[in-house]
Amino acid sequence: MEEKELIDAATAVRKNAYAPFSEFKVGSALETDDGEIIVGSNVESASYGLTVCAERVAVWNAISQGKRKIVKIAVVADTKALTPPCGVCRQIIWEFGGDIPVVLANLHGDIETVQMRDLLPRAFDTKFLK
Ligand code: THU
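Parameters and conventions
- Residues numbered from 1 in each chain as written.
- Predicted model: local features only at pLDDT ≥ 70, side-chain atom pairs only at ≥ 80, totals over all residues.
- Heavy atoms only, no water.
- Helix = DSSP H or I, 4+ residues; strand = E, 2+ residues; numbered from the N terminus.
- Rg over C-alpha atoms; globule rule 2.2 N^0.38 Å.
- Buried < 20%, exposed > 50% of the residue type's maximum accessible area, 1.4 Å probe, protein only.
- Contact = heavy atoms within 4.5 Å.
- Areas by Shrake-Rupley, 256 points an atom, 1.4 Å probe, with all protein chains shown as cover.
- Near = heavy atom within 4 Å.
- Polar contact = N/O pair within 3.5 Å; in protein donor to acceptor, adjacent residues only side chain to side chain.
- Nonpolar A, V, L, I, M, F, W, Y, C, P; charged D, E, K, R; others polar.
- Lys, Arg positive; Asp, Glu negative; His and termini not counted.
- Salt bridge = Lys/Arg side-chain N within 4 Å of Asp/Glu carboxyl O.
- Core = buried A, V, L, I, M, F, W, Y, C linked by side-chain atoms within 4.5 Å.

Draft legend 1. Spotlight on the overall build of the protein. For the protein, the helix and strand inventory stands at four helices and five strands. Listed N to C, the secondary structure of the protein is α-β-β-α-β-α-β-β-α in terms of helices and strands. Taking 2.2 N^0.38 as the reference for a compact globule, 130 residues should give roughly 14 Å; the C-alpha atoms of the protein span a radius of gyration of 14 Å, in line with that estimate. A principal-axis box enclosing the C-alpha atoms of the protein has dimensions of 40 × 35 × 30 Å. For the protein, the residues scored as buried account for 45% of the 130 residues in total. Counted over contacts in the protein with a minimum sequence separation of 6, partners at least 24 positions apart contribute 61%. Of the roughly 7,000 Å² of accessible surface on the protein, 55% is carried by carbon and sulfur atoms.

Draft legend 2. Looking closely at the site of the ligand. Taken together, 13 residues lie around the ligand, and Asn 42, Glu 44, Ala 54, Glu 55 and Pro 84 are the ones closest in. The side chain of Asn 42 places a nitrogen or oxygen atom 2.9 Å from an oxygen atom of the ligand. Starting from 370 Å² of accessible surface for the ligand in isolation, the protein chains cover 79%. Split by residue class, the shell around the ligand holds seven nonpolar, four polar and two charged.

Draft legend 3. How the structure looks around the side chain of Lys 72. The topology assignment puts Lys 72 in strand β3 (residues 70-77). Glu 3 provides the closest opposite charge to the buried, salt-bridge-free Lys 72, at an N-O distance of 4.8 Å. Within the structure, the side chain of Lys 72 is placed 3.0 Å from the backbone oxygen of Met 1, a separation counted as a polar contact. Dropping the residues within four chain positions of it, Lys 72 is found in contact with Met 1, Glu 3, Leu 6, Ala 29, Leu 30, Glu 31, Ile 100, Pro 101 and Val 103.

Draft legend 4. Main features of the nonpolar core. Residues Leu 30, Ile 93, Val 102 and Met 116 are the most contacted members of the largest nonpolar core, which totals 24 residues. Secondary-structure elements contributing two or more residues to this core are β1 (26-32), α2 (54-64), β3, α3 (87-97), β4 (101-105) and α4 (116-119). Counting nine residues, the second-largest nonpolar core is a separate cluster that includes Ile 7, Ala 9, Ala 10 and Val 76.

Draft legend 5. Quick peek at the pattern of salt bridges. Throughout the structure, instances matching the rule amount to five salt bridges. Of the charged contacts, one joins Lys 67 and Asp 34 as a salt bridge, the two residues approaching to 2.8 Å between their closest N and O atoms. Here the residue Lys 67 occupies a position in the loop between α2 and β3, and Asp 34 occupies one in the loop between β1 and β2 (37-41), the gap between them amounting to 33 residues. Lys 67 sits in the buried class, given a relative accessible area of 11%. With a shortest N-O distance of 2.4 Å, Arg 117 and Asp 99 are connected by a salt bridge. With Arg 117 in helix α4 and Asp 99 in the loop between α3 and β4, the pair connects residues that are 18 residues apart, well separated along the chain.

Draft legend 6. Layout of the environment of Asp 8. Structurally, the position occupied by Asp 8 is in helix α1 (residues 3-14). Put simply, Asp 8 and Ala 105 are 97 residues apart on the chain and 9.9 Å apart in space, counted from C-alpha to C-alpha.

Geometry only, nothing functional implied.
Structure (structure tokens):
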């Protein structure tokens with residue numbers, strides 16, 4: 001799938017972000033192994049620590065729709081330096097995607113694609129549990 005498709009979907013869902021505390025809105029869109037796009041935005045809580053990032057909302061949406069494998073994910077925020085997934089999200093993306101491309105974009109057309117192995121070297125995952 002073209003990066004632009006995922007970026008457009010992430011940019012659109014970013015408008016639904018619930019971020020009254022940080023005012024930092026993020027949108028994410030992922031591609032599943034069967035070619036679907038599934039989106040998520042960040043959702044904050046008055047109990048700040050309960051906030052969930054856009055990337056994890058997208059992954060939880062995918063899993064709850066019966067998907068089990070993601071092949072690409074995009075993150076869109078309104079920052080000059082492109083916003084990467086936080087550490088917690090890197091772990092979750094790894095568990096359902098492994099070494100997939102992560103497309104970072106902002107609202108000004110800047111785009112960079114990085115690999116998960118570079119964002120989360122020597123990752124812990126289910127293979128250690130066997
Ligand atoms: N956030 C995301 O949704 N994704 C990221 O990649 C970075 C951070 C959210 C969490 C919180 O709602 C706000 O951005 C500020 O940290």
